[in-house]
Amino acid sequence: MWNQLALILVLLICVLLLGIGNALHAKPYADTEVYRGETLPGDLKFVHVIFRHGDRTPVDPYPTDPYNDLKFWSTGWGQLTNKGKMQHYELGKWLRNRYGSLLSAKYTADEIYIQSTDVDRTLMSAQSNLAGLYKPKGADVWNPNIPWQPIPVHTAPENNDYILAAKASCPTYDYEMAALEASAEFQALYSRFHDLFTYLSENSGRQVKTFTDASYLNNTLFIESLNNLKLPVWTEKVYGSEEFTYASNLAFAAMTYTRKLARLKVGPLLKDIFDRFDHKVSGNLTPDRSAWIYSAHDTTIANTLNALKLFELHSPPYAACIMMELRLDDNNTPLVSIFYKNTTAEPLPLVIPGCGVSCPLSKLRSLYQDVLPGDWHSECKRTTMMMTYEEANLSAATGILILIVACLLCASYGLMIYYRRRNYKLYTSYAQMA
Ligand SMILES: *[C@@H]1O[C@H](CO)[C@@H](O)[C@H](O)[C@H]1NC(C)=O
Ligand SMILES: *[C@@H]1O[C@H](CO)[C@@H](O)[C@H](O)[C@H]1NC(C)=O
């Protein structure tokens with residue numbers, strides 16, 4: 001009995017080690033020579049583009065920050081800078097060049113749709129990008145003094161936007177995240193970074209407890225150094241170190257660390273994209289567009305890649321861009337290729353695990369079925385029945401207590417009225433008799 005168990009255990013460990021070995025050795029990029037964009041089989045029919053905004057100012061400086069003053073940041077906190085506008089203008093021109101066969105030179109609403117999170121820097125990045133993608137020509141020139149034309153950028157309030165901003169409330173996600181934070185794996189990670197986090201908290205004047213906290217702080221320092229501002233002496237010990245960079249990069253993996261977290265965080269976006277591909281192929285996409293652009297954040301980039309099992313731990317840089325391209329081959333089989341452009345170099349198609357660089361759409365859907373939500377809203381709901389004792393404790397127990405007290409109050413009030421009336425009645429009848 002024990003021997004058999006031991007054997008099974010040893011076998012399991014071997015399989016696990018083999019898997020880890022494979023994962024470490026798998027090359028995310030295909031061979032440069034073989035897979036240039038133009039040699040992928042089939043004709044390009046549709047592209048989804050997801051990009052991060054361009055260069056910006058710090059979102060929220062830390063309390064002891066010597067640059068915690070708007071005189072250093074003329075555009076305001078978390079705003080796109082001129083450098084950021086230029087990055088997107090350049091990316092727009094690059095997209096024009098790459099997708100010239102898909103998009104006519106003239107802008108039409110039936111060909112492309114642009115969606116942005118409702119944040120100034122993403123809205124402005126989309127607009128800068130479109131200035132490069134659609135420079136007005138001929139009849140579209142409306143003011144000869146500016147080589148630019150207005151193009152609609154659609155958005156939704158962040159707290160309603162569960163698709164792109166992914167900021168809409170999702171109690172199940174919060175619950176799963178709390179479980180991850182409490183897991184042995186994360187507790188071990190947190191104790192590994194305990195000294196770093198303590199040092200950061202003490203010196204920055206703000207509690208650094210999670211990888212996200214570490215990432216925000218690292219990001220402020222990163223932006224300040226990009227702007228040639230001299231960082232305080234205490235940062236020298238940590239900023240740029242492998243440890244701090246790793247901890248802050250982990251924030252990008254943590255948001256979608258489990259398949260369930262990925263499903264709730266970025267599943268709606270993937271589902272939208274896959275559904276749109278399906279509709280395009282079946283001729284049901286109305287209007288029959290050729291491109292869809294999403295203007296969003298580093299987290300959007302990391303979450304999308306991680307849900308697709310294509311993420312390598314790093315902080316997605318400004319104007320980082322994912323392209324999901326749909327081609328139809330000679331047999332009309334829809335094939336999807338995914339590219340990630342995070343440098344100025346030409347991007348190479350990523351190798352979709354278990355499918356390759358040109359993945360049949362139906363296979364893509366089945367490969368990622370686990371992160372495509374059915375009804376996101378109902379999957380996000382947590383009823384009291386589903387809650388653990390501790391979780392339900394606060395809300396349910398306090399609720400019941402308040403209810404009981406309210407009932408008692410009502411009952412005593414009712415009794416009081418009843419007796420008063422009776423006394424009154426007795427009194428009046430007595431008086432009438434008199
Ligand atoms: C953290 O800082 C490093 C440089 O030290 C930088 O490469 C990385 O992008 C930064 N991460 C974030 C989230 O800003
Ligand atoms: C670019 O992406 C690759 C693949 O995800 C990653 O390994 C690399 O660190 C990234 N580089 C930058 C500068 O973002």
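Residues numbered from 1 in each chain as written. Chains lettered and ligands numbered in written order. Predicted model: local features only at pLDDT ≥ 70, side-chain atom pairs only at ≥ 80, totals over all residues.

Draft legend 1. Main features of the confidence of the model for the protein. Per-chain confidence: the protein averages 89 in pLDDT, with 82% of residues scoring 70 or above. In this model residues 21-36 is a low-confidence stretch, pLDDT under 50, and it forms 16 contacts with partners more than four residues away in sequence or in other chains. (pLDDT = per-residue confidence, 0-100. Contact = placed C-beta atoms within 7 Å.)

Draft legend 2. Spatial organisation of the site of ligand 1. Taken together, the residues surrounding ligand 1 are Ser215, Asn218, Asn219, Phe222, Gly240, Thr245, Ser248 and Ser315. A total of four residues in the shell around ligand 1 trace back to one element, the largest contributor, which is helix α7 (residues 211-226). When grouped by side-chain class, the residues that make up the shell around ligand 1 number one nonpolar, seven polar and no charged. (Near = placed C-beta within 6 Å. Helix = DSSP H or I, 4+ residues; strand = E, 2+ residues; numbered from the N terminus. Nonpolar A, V, L, I, M, F, W, Y, C, P; charged D, E, K, R; others polar.)

Draft legend 3. Broad picture of α7. In this model, α7 (16 residues) spans 22 Å end to end at C-alpha, consistent with the 22 Å of a helix rising 1.5 Å per residue. When α7 is considered as a whole, its buried residues turn out to be Phe211, Asp213, Ala214, Ser215, Tyr216, Leu217, Asn218, Thr220, Leu221 and Glu224. Summarising the contacts, the buried residues of α7 are in contact with α6 (194-204) and α8 (242-254). (Expected span 1.5 Å × (residues − 1). Buried ≥ 20, exposed ≤ 12 C-beta atoms within 10 Å, placed from the backbone.)

Draft legend 4. Seen up close, the site of ligand 2. Ligand 2 sits among Glu312, His314, Pro317, Tyr340, Asn342 and Thr343. Tallied by class, the residues present in the shell around ligand 2 amount to two nonpolar, three polar and one charged.

Draft legend 5. How the structure looks around the sheet that holds strand β3 (residues 154-156). Taken together, seven strands build an open sheet; the order of strands is β3-β2-β4-β1-β5-β6-β7 and the sheet is mixed. Strands with a single pairing partner mark the edges of an open sheet, and in this sheet they are β3 and β7 (359-360). Judged from the eight bridges that link them, strand β1 (residues 43-52) and strand β5 (residues 321-328) form a sheet pairing that is antiparallel. Residue pairing for β5: histidine 48 is matched across the bridge by methionine 324. Helix α9 (residues 259-282) contacts β1, β4 (291-296), β5 and β6 (334-341) of the sheet and is inclined by roughly 160° relative to β1. (Pairing = 2+ DSSP bridges. Axes fitted to C-alpha atoms, helices over the stretch in contact; angles between N-to-C directions.)

Draft legend 6. Local environment of α6. When we look at burial in α6, the residues that qualify are Phe197, Leu200 and Ser204. Angular distribution of buried residues about the axis of α6 spans 65°; they occupy a single face of the element. Seen from the buried face of α6, the exposed residues on the opposite side, beyond 90 degrees, are His194, Asp195, Thr198 and Glu202. Packing partners of the buried residues in α6 comprise α7. (Arc of directions from axis to C-beta.)

Draft legend 7. Seen up close, unusual backbone geometry. Of note, the amide linkage connecting threonine 286 to proline 287 takes the cis form, showing an omega dihedral of -10°. Positionally, proline 287 belongs in the loop between α9 and β4. One non-glycine residue, alanine 166, lies in positive phi territory at about 55°. If you trace the backbone, alanine 166 turns up in the loop between β3 and α4 (171-182). With 23 C-beta atoms packed within 10 Å, alanine 166 lands in the buried category. For alanine 319, which is not a glycine, the phi torsion comes out positive at approximately 60°. Assessed through the 25 C-beta atoms surrounding it within 10 Å, alanine 319 is described here as buried.

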